[in-house]
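So you can see what is in the structure, the chains are spelled out below.
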Amino acid sequence: MKLWHRKPVVHAVTDARSSLSDDIGRREKRYLIQMAIRTICLVLAVVVDAPWPIRALFIAGAVFLPYVAVIGANERAKDDTDAQWEPEANQNEIPRHRREIGS
């Protein structure tokens with residue numbers, strides 16, 4: 001009788017995702033750059049005497065960049081290792097990596 005078992009997943013060091021502090025640092029840096037561009041757009045919209053299409057472009061940058069920056073700052077980078085942590089359909093208990101302290 002042959003039993004069908006899935007092969008265990010073997011993890012390598014290169015499969016590990018970046019640390020949380022590295023990920024947060026990367027997101028903070030990207031957010032600050034986007035907010036600097038927004039500030040420049042706002043200043044240019046007020047200071048530069050340009051035709052209305054160019055001024056409208058600066059205003060659009062000043063208005064829409066905060067939304068894009070916040071969405072990007074709150075998004076954790078997804079990679080292939082995230083797929084391994086999805087619970088199986090017939091799983092009866094909470095996976096170890098999803099348990100909270102004190103539960």
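Everything discussed here concerns the structure shown above.
Residues numbered from 1 in each chain as written. Predicted model: local features only at pLDDT ≥ 70, side-chain atom pairs only at ≥ 80, totals over all residues. Heavy atoms only, no water.

*Asks:* Can you lay out the overall build of the protein for me, pointing to particular residues and giving the numbers?
*Replies:* Within the protein one finds two helices and zero strands. Of all 103 residues assigned to the protein, the portion counted as buried reaches 16%. The contacts in the protein between residues at least 6 apart in sequence include a share of 71% that link residues at least 24 apart. Put simply, the protein shows about 9,300 Å² of open surface, and 63% of that area lies on carbon and sulfur atoms. (Helix = DSSP H or I, 4+ residues; strand = E, 2+ residues; numbered from the N terminus. Buried < 20%, exposed > 50% of the residue type's maximum accessible area, 1.4 Å probe, protein only. Contact = heavy atoms within 4.5 Å. Areas by Shrake-Rupley, 256 points an atom, 1.4 Å probe, with all protein chains shown as cover.)

*Asks:* How would you summarise the pattern of salt bridges if you had to cite specific residues and measurements?
*Replies:* Following the criterion strictly, the structure yields two salt bridges and no others. Residues Arg26 and Asp23 are paired through a salt bridge, measuring 2.5 Å at the closest nitrogen-oxygen approach. Taken together, the residues Arg26 and Asp23, both in helix H1 (residues 20-47) and three residues apart, mark about one turn of the helix. Given a relative accessible area of 36%, Arg26 falls into the partly exposed group. The salt bridge partner of Arg27 is Asp23, with a shortest N-O separation of 3.2 Å. Of the two residues, Arg27 and Asp23 both sit in helix H1, four residues apart, roughly one turn of that helix. One salt-bridge network, held together by shared partners, links Asp23, Arg26 and Arg27. (Salt bridge = Lys/Arg side-chain N within 4 Å of Asp/Glu carboxyl O.)

*Asks:* Tell me about helix H2 (residues 52-73), and please be specific about residues and values.
*Replies:* With 22 residues, H2 ought to run about 32 Å at 1.5 Å a step, and its terminal C-alpha atoms sit 31 Å apart, in line with that. Of all bends in H2, the biggest is about 35 degrees, found at Phe64, and the proline Pro66 comes one to four residues later. Looking at H2, one finds that the buried residues are Phe58, Gly61, Ala62, Leu65, Ala69 and Gly72. The inward-facing, buried residues of H2 contact H1. (Expected span 1.5 Å × (residues − 1). Bend = angle between axes of the 7 residues up to and from the residue.)

*Asks:* Can you lay out the side chain of Gln34 for me, pointing to particular residues and giving the numbers?
*Replies:* Counting through the fold element by element, Gln34 comes out in helix H1. Overall, Gln34 belongs to the buried group, its relative accessible area being 17%. Not counting chain neighbours up to four residues away, the residues in contact with Gln34 comprise Leu65, Val68 and Ala69.

*Asks:* Let's hear about the environment of Val70: which residues, and what values?
*Replies:* Relative to the helices and strands, Val70 resides in helix H2. The exposure class assigned to Val70 is partly exposed, which follows from its relative accessible area of 38%. A C-alpha to C-alpha distance of 9.7 Å links Val70 and Met35, two positions 35 residues apart in sequence.

Nothing here speaks to function; it is geometry throughout.
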